[in-house]
Amino acid sequence: MMLIDHAELQRIALRLFEAAGSQPDEAQIIADHLIEANLRGHDSHGVGLIPNYLQHLANGTVFANRKGRIVSEDGSLIVYDGERAWGQIAAREAVMVGIAKARETGVAVVALRNPHHIGRVGTYGEMCAEAGLVSFHFVNVTDARPAVAPWRGTDARFSTNPVCIAIPGPDPERPIILDMATSTIAMGKVRVARNKGERLKPGILIDGEGKPTTDPGAMYRQPRGALMTMGEHKGYALAFVCEMLAGALCGSGTMRPERQGRGTATNGMLTIVIDPSRLVDREWLHEEIAAMTAYITASPPARPDEPVLIPGDPERRTRAERIANGVPIDDETWRELTVAARGINVLIEPPGPESG
Ligand code: NAD
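What comes next concerns the included structure.

Observations concerning the sheet that holds strand E3 (residues 77–81)
Logical step 1: Taken in spatial order, the seven strands make up an open sheet running E2-E3-E4-E11-E5-E6-E7, and their pairing is mixed. The two strands at the open ends of the sheet, each matched to only one other strand, are strand E2 (69–74) and strand E7 (176–180). Taken pair by pair, the neighbouring strands of this sheet meet at an average axis angle of 10 degrees, ignoring direction.
Logical step 2: Bridging between strand E5 (residues 134–142) and strand E6 (residues 163–167) involves four bridges; their strand directions are antiparallel. Paired with Ser135 across the two strands is Ala166, which belongs to E6.
Logical step 3: Running at roughly 85 degrees to E5, helix H7 (residues 233–249) makes contact with E5, E6, E7 and strand E11 (266–274) of the sheet.

This is the structure in structure tokens:
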């Protein structure tokens, strides 16, 4: 395990995407997105994804220097085709279109289909919150191998289908950002645990025979294991509706057998953006959020060193800590990065002593 200064890690990611063919501004957006995921503690969606991403580029399932396009616009309803652009680019464009529309009409519904993997969904909620807007994002996954078992089932039939809900609060530095997979943990966290040689907590995984296990390796053997949904039947029900909202309703496609294991990852995303000031007075809203947040977080903590937080707080805390001390990168992730870099003729240096 090493600690790498986030600016150094950002430079490495930037070089890799430029070498892979992206124009500098595109490479910058993708690199920023990945580093931000690491900074916010979601290493599953940080630079560790780059080797997979470069494989997808090589197998022609994602294209550099594309943005996607608006397919149709009907009042507040927009269909956006990602056209297999990098997901960080297509989803950003689609959400920017949604923000502009919600400012104009009070609400926007954006159906994003067919981008490459869009990364940390919280990024898009944060964009809306920064614009003073409330947003909902429902996401599904196709073209990858299914990773999550339905409640009462014993094998994987869909993916980690994340949900993000963002609400701007009175403090612009502290928006409410719920951003989570509907599985017990994100699939990338299984990869991170495997890379670190760690076991997972009980109740997260089943093995290839449908039996509970704590071994992350179960996801990398045949027959393959599966993640379980969070919150038992409730997480399953939420994952199920994500599949239908993002896969079916957005026109991106669901993870039916024909759309599995195609050596890449595609996200459908249904985004709903609302201008809250069209519903309530903004000052009143801020006062309500501030008062209720203060009330909830004043609950005496069960453990003195673990105060009650609001969604988005853990990520902000991790971000401050990692900006100060560096981003932890495990040896296997670093090895995979250097191998992937070599594949596109880039030599990435081990971090210098100042990197920790
Ligand atoms: P997680 O289990 O860490 O849950 C994160 C959510 O819980 C955040 O909203 C966080 O603020 C909140 N939270 C955590 N502790 C809290 C506390 N004590 N009090 C209040 N709120 C708290 O995250 P995850 O489910 O592992 O997801 C990780 C990332 O993976 C997310 O960014 C998600 O968007 C991303 N993801 C992406 C895809 C994709 O296909 N693109 C798929 C799955 C997950």
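Structural notes on the site of the ligand
Logical step 1: Asp179, Ala181, Lys189, Gly312 and Glu315 are the nearest of the 23 residues found near the ligand.
Logical step 2: Residue Glu315 places a side-chain N or O atom 2.7 Å away from an oxygen atom belonging to the ligand.
Logical step 3: If the ligand stood free it would expose 870 Å²; the protein chains cover 79% of that surface.
Logical step 4: Counting residues per element, the ones that place at least two in the shell around the ligand are E7 and helix H9 (313–325).
Logical step 5: When residues of the shell around the ligand are assigned to their parent elements, the largest contribution, four residues, is made by E7.

Structural notes on helix H10 (residues 331–343)
Logical step 1: Between its first and last C-alpha atoms H10 spans 18 Å; for 13 residues at 1.5 Å apiece the expected length is 18 Å, and the two agree.
Logical step 2: Turning to H10, the residues buried within the fold contact strand E1 (2–4), helix H1 (6–19), helix H3 (50–58), helix H6 (187–196) and strand E12 (327–329).
Logical step 3: Where H10 ends, the next residue or the one after it, Asn345, has phi of about 60 degrees, a positive value.

Quick word on the sheet that holds strand E8 (residues 205–206)
Logical step 1: With respect to topology, three strands assemble into an open sheet ordered E9-E8-E10, the strand pairing being antiparallel. Pairing within the sheet leaves two strands with one partner each, and these edge strands are strand E9 (212–213) and strand E10 (226–227).
Logical step 2: In this structure, E8 lies alongside E9, joined through two bridges in antiparallel fashion. Bridge assignment links Leu205 to a residue of E9, and that residue is Thr213.

What to know about the packing of H3 against H10
Logical step 1: Put simply, H3 and H10 touch, their axes get as near as 8 Å, and they point 30 degrees apart. Between H3 and H10, the crossing angle belongs to the class labelled roughly parallel. Between H3 and H10 the crossing geometry is left-handed. On the side of H3, the interface is formed by Ile50, Pro51 and Leu54, while H10 contributes Glu336, Leu337 and Ala340.
Logical step 2: Along the lines of polarity and charge, the residues of the contact of H3 with H10 split into five nonpolar, no polar and one charged.

Digging into the pairing of E2
Logical step 1: Sheet topology note: the E2/E3 ladder contains five bridges and is antiparallel. In the sheet register, Asp74 faces E3, and the bridge partner there is Leu77.
Logical step 2: The antiparallel hairpin formed by E2 and E3 contains two residues in its connecting segment, where Gly75 sits at a positive phi of about 65 degrees.

Overview of the nonpolar core
Logical step 1: Phe17, Leu34, Val47, Ile50, Trp86, Ile329 and Trp334 are the most contacted members of the largest nonpolar core, which totals 32 residues.
Logical step 2: If we skip the residues at most four places from it in the chain, Ile50 touches Ala13, Leu16, Phe17, Leu34 and Leu337.
Logical step 3: In this structure, Ile99, Ala108, Ala129 and Cys164 belong to the second largest nonpolar core, which totals 23 residues.

A closer look at helix H5 (residues 122–130)
Logical step 1: A large share of H5 lies buried, amounting to eight of its nine residues.
Logical step 2: Residues of H5 that are buried include every one of Gly122, Thr123, Tyr124, Gly125, Glu126, Met127, Cys128 and Ala129, and no others.
Logical step 3: Next to the buried residues of H5 lie helix H2 (24–39), helix H4 (87–105), E5, E6, E7 and E11.
Logical step 4: Following H5 by one or two positions, Gly132 has its phi on the positive side, about 80 degrees.

A few points about unusual backbone geometry
Logical step 1: A cis amide bond links Gln222 with the next residue in sequence, Pro223, at an omega value of -10 degrees.
Logical step 2: Within the chain, Arg84 stands out as a residue other than glycine whose phi angle is a positive 55 degrees.
Logical step 3: Inspection of the secondary structure assignment puts Arg84 in the loop between E3 and H4.
Logical step 4: Located in the positive-phi region is Glu232, a residue other than glycine, with phi close to 55 degrees.
Logical step 5: Along the polypeptide, Glu232 turns up in the loop between E10 and H7.

As for the pattern of salt bridges
Side chains that differ in charge, positive against negative, can pair when their charged atoms come close.
Logical step 1: Applying the stated criterion across every chain, the model contains 20 salt bridges.
Logical step 2: Asp43 is the partner of Arg322 in a salt bridge, and the nearest nitrogen-oxygen pair spans 2.8 Å. Remark: Asp43 occurs in the loop between H2 and H3 and Arg322 occurs in helix H9; sequence separation between them is 279 residues. Asp43 carries the same exposure label as Arg322, and that label is buried.
Logical step 3: Note that Arg174 and Asp313 form a salt bridge whose closest N and O atoms lie 2.7 Å from each other. Of this pair, Arg174 sits in the loop between E6 and E7 while Asp313 sits in helix H9, and the two are 139 residues apart along the sequence.
Logical step 4: The network of salt bridges with common partners includes Glu36, Arg40, Arg120, Glu126 and Arg319.

The rules behind each value
Residues numbered from 1 in each chain as written. Predicted model: local features only at pLDDT ≥ 70, side-chain atom pairs only at ≥ 80, totals over all residues. Heavy atoms only, no water. Pairing = 2+ DSSP bridges. Helix = DSSP H or I, 4+ residues; strand = E, 2+ residues; numbered from the N terminus. Axes fitted to C-alpha atoms, helices over the stretch in contact; angles between N-to-C directions. Contact = heavy atoms within 4.5 Å. Near = heavy atom within 4 Å. Polar contact = N/O pair within 3.5 Å; in protein donor to acceptor, adjacent residues only side chain to side chain. Areas by Shrake-Rupley, 256 points an atom, 1.4 Å probe, with all protein chains shown as cover. Expected span 1.5 Å × (residues − 1). Parallel < 35°, antiparallel > 145°, perpendicular 65-115°, else oblique. Left-handed = near helix turned anticlockwise from the far one by under 90°. Nonpolar A, V, L, I, M, F, W, Y, C, P; charged D, E, K, R; others polar. Core = buried A, V, L, I, M, F, W, Y, C linked by side-chain atoms within 4.5 Å. Buried < 20%, exposed > 50% of the residue type's maximum accessible area, 1.4 Å probe, protein only. Salt bridge = Lys/Arg side-chain N within 4 Å of Asp/Glu carboxyl O.

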